[in-house]
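Coordinate inspection notes
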Amino acid sequence: MGEGPAVEETSTKVLKQFSGTGGISVNGVSGIIHKNSRTFSVIHGDFNRLAPNVKKYVEDKAKVCQPETIHICDGSDRENEELLAMLQKGGVIKPLKKYKNCWLARTDPADVARVESKTIISTPNQRDTIPTPKNGADGQLGKWMSPSDLQKALDERFPGSMKGRTMYVIPFSMGPVGSPLSKIGIQLTDSAYVVASMRIMTRMGRPVLDTLGNNDFVRCLHSIGQPLPMKKPAVNNWPCDPDRTIIAHIPENNEICSFGSGYGGNSLLGKKCFALRLGGIIARDEGWLAEHMLILGITNPKGEKKYIAAAFPSACGKTNLAMMNPTLPGYKVECVGDDIAWMRFDSEGHLRAINPEAGFFGVAPGTSDSTNPNAMATIQENTIFTNVAETSDGGFYWEGMDLPKGVRVINWRNKEDWVPNSSKDEKDMAAHPNSRYCTPASQCPIIDPAWESSEGVPIEAIMFGGRRPKGVPLVYESFNWQHGVFLGAAMRSEATAAAEHAGKVIMHDPFAMRPFFGYNFGHYLSHWLSMERRPNVKLPKVFHVNWFRKSSEGKFLWPGFGENARVLDWIFRRINKEDCATESPIGFIPKPGALNLDGLKEKVDMEELFSLPKDFWSKEVDAVKKYFDEQVNDDLPEEVASELEQLKKRVAHM
């Protein structure tokens, strides 16, 4: 990854030489690299066309990382084709010949997911980043590191980290280029895999630089941490340094530094690092919201359309919901985004949202023609797959798909002639549980016509949810905005494979943002509460959903997938102020018969699905109170504490 030049542009080759004092001189010599005097050549793009702010950033980081060459990315088809060819030649990716321009990467098995334990925020004041846990409890709402300790860690890693490799300069826009809701970043990386993936996930190339000018930008530095020559061969031709991986965010500098991991969640720095962690800080300072939410548009049989944002932890059905085929006749769902929403109130008080990404970085296992046919249609071309299985006819495969007849399967660990088995050991599975597809959003057959609207789409409802096998009903509505903020704060869900946690543990995951907070969660809650105090705002209604409740026999009580349109129909009607809800101790739930079950093939026990066991909810209140006390402590806003106390009283009277 990143070995040598992908493209040469002889008309713009520039020699850069560092002096012994750290000064930089630009010479008009073409195609010469003086290795002994710490020099590099720009092999693609015109260095002199970079704005001074961008040029200085590249120069400063090249001086530290010491790449052999520099490639300024233009985002063109030609550039992409040559980078993919180079990656194929190096054994990093291989073509999946059954499809058009689809590729498979297999990573080092030690580099397969986000590494929360090594993801940190560095600020001078620890409490700006994380609440102070009570009585010495282990903090679960982010990791803080002092600037001095972080500088030491970076100094131990980045100097010389790109020796022998190419530094790629990626100008990218989160959101449509030029939109007032968008933000621009410059990522420097020594991974061509990252370049190819960022081209899918962001708007990338020369138009971004033209829009940026000499204005400020988010600085994103990434290195796989394996300078050449490597001390030992890479596993699966995937260089990384998992033992020294660090993903650091430095809000004061608008900077992200990621070292040692090539996995997308750690290396595609426009994604969680920029869009949520630093994005959340920028949103707080500028008065908007950066959230881990899908955005969908739903149209009813009368032709009336509404947009909904929804927060779910990873692998809890965000993409399936965003790309749903509704079972209710006359309803249509269209996808704006499946993972991240940036939302800002416009001059008329409407909450407007954009999807800052240009692609889908989806969890592959469980995705199939039956669960998400629109996702399956999207990934048939121009897609990079990572850690999925490969079929002998050049196709992809993972758990949840029908196994094609007459083909052999090579699993994600290169085990040939893999056969289905019941093992829970990752190495015995066809695809890693966190295997991914990286695919252009524009290919989605139900992409919303306004998905790239520069002003965003108007959000009329916000949904929170997660995997709750017991006690939590299918859907309920908050009493008001403050109560809705409490619902987000009190979210709990089973852990997922997107991070290094073992599965099947109920974890607190407030706002589905627990791994992605860029600043103190208590302050985050205050920011959400402050939206209600803005003049003339039209606040969305807030709902909580749970597709995953199980019966006492362990079977799902609700069929889910396309049938979830029945819940969206009720939410749609509630937005329109229809009298189809009744008050319960936890919020407004559908009146008996209010959910449209016409044509539902499976018999659903609605009484059990909406039952509110007092014992369960008493324990839920205790668990949330313990979490707030231990984790948020003195930073918990009084309004949220009040909502919890009111819930406790209502549950006591159940």
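Presented here is an overview of the structure given in this document. (Residues numbered from 1 in each chain as written. Predicted model: local features only at pLDDT ≥ 70, side-chain atom pairs only at ≥ 80, totals over all residues. Heavy atoms only, no water.)

With respect to the overall build of the protein
- For the protein, the helix and strand inventory stands at 16 helices and 32 strands.
- Its C-alpha radius of gyration of 25 Å places the protein within 12% of the 26 Å reference for a compact globule of 654 residues.
- Within the protein, buried positions represent 60% of all 654 residues.
- A sequence separation of at least 24 residues applies to 73% of the contacts in the protein between residues at least 6 apart.
- When the accessible surface of the protein is totalled, it reaches about 25200 Å², and 48% of it is carbon and sulfur.
- In the protein, which carries 78 positive and 79 negative side-chain charges, the distance between the mean positions of the two groups comes to 2 Å. (Helix = DSSP H or I, 4+ residues; strand = E, 2+ residues; numbered from the N terminus. Rg over C-alpha atoms; globule rule 2.2 N^0.38 Å. Buried < 20%, exposed > 50% of the residue type's maximum accessible area, 1.4 Å probe, protein only. Contact = heavy atoms within 4.5 Å. Areas by Shrake-Rupley, 256 points an atom, 1.4 Å probe, with all protein chains shown as cover. Lys, Arg positive; Asp, Glu negative; His and termini not counted. Charge placed at Lys NZ, Arg CZ, Asp CG, Glu CD.)

With respect to helix 13 (residues 565–575)
- The element helix 13 is largely enclosed, with a buried count of 11 among its 11 residues.
- Downstream of helix 13 by a residue or two, lysine 577 has a phi angle that is positive, lying close to 65°.

Digging into the pattern of salt bridges
- The tally for this structure, following the rule as stated, stands at 41 salt bridges.
- Residues glutamate 82 and arginine 78 are paired through a salt bridge, measuring 3.3 Å at the closest nitrogen-oxygen approach. Taken together, the residues glutamate 82 and arginine 78, both in helix 2 (residues 77–89) and 4 residues apart, mark about one turn of the helix.
- Residue glutamate 82 is classed as partly exposed on the basis of its relative accessible area, which comes to 26%.
- Between arginine 127 and aspartate 635 there is a salt bridge, and its shortest N-O distance comes to 2.8 Å. Taken together, the positions of arginine 127 in helix 3 (residues 126–129) and aspartate 635 in the loop between helix 15 (614–632) and helix 16 (638–652) put the pair 508 residues apart, joining distant regions of the chain.
- Given a relative accessible area of 10%, aspartate 635 falls into the buried group.
- Three or more residues are tied together by salt bridges with common partners; here these are Lys271, Lys272, Lys318, Asp339 and Glu357. (Salt bridge = Lys/Arg side-chain N within 4 Å of Asp/Glu carboxyl O.)

What to know about the sheet that holds strand 22 (residues 389–391)
- Read from one edge to the other, the open sheet built from 3 strands follows the order 23-22-24, with strand pairing classed as antiparallel. The sheet is open, and its two borders are formed by strand 23 (396–397) and strand 24 (409–410), each paired with just one other strand. (Pairing = 2+ DSSP bridges.)

Details of the pairing of strand 4 (residues 69–72)
- Covered by surrounding structure in strand 4 are Thr69 and His71 together with Ile70 and Ile72, the residues of both alternating faces.
- With 3 bridges joining them, strand 3 (residues 39–44) and strand 4 adopt parallel strand pairing. Each residue of the ladder has a partner; that of histidine 44, found in strand 4, is histidine 71.
- The parallel pair strand 3 and strand 4 is bridged by helix 1 (residues 52–65), and the resulting crossover is left-handed.
- Taken together, the 4 bridges between strand 4 and strand 8 (residues 166–174) define a ladder with parallel strand orientation. By the bridge assignment for strand 8, threonine 69 is matched with threonine 166. (Right-handed = clockwise from strand over helix to strand, strands pointing away.)

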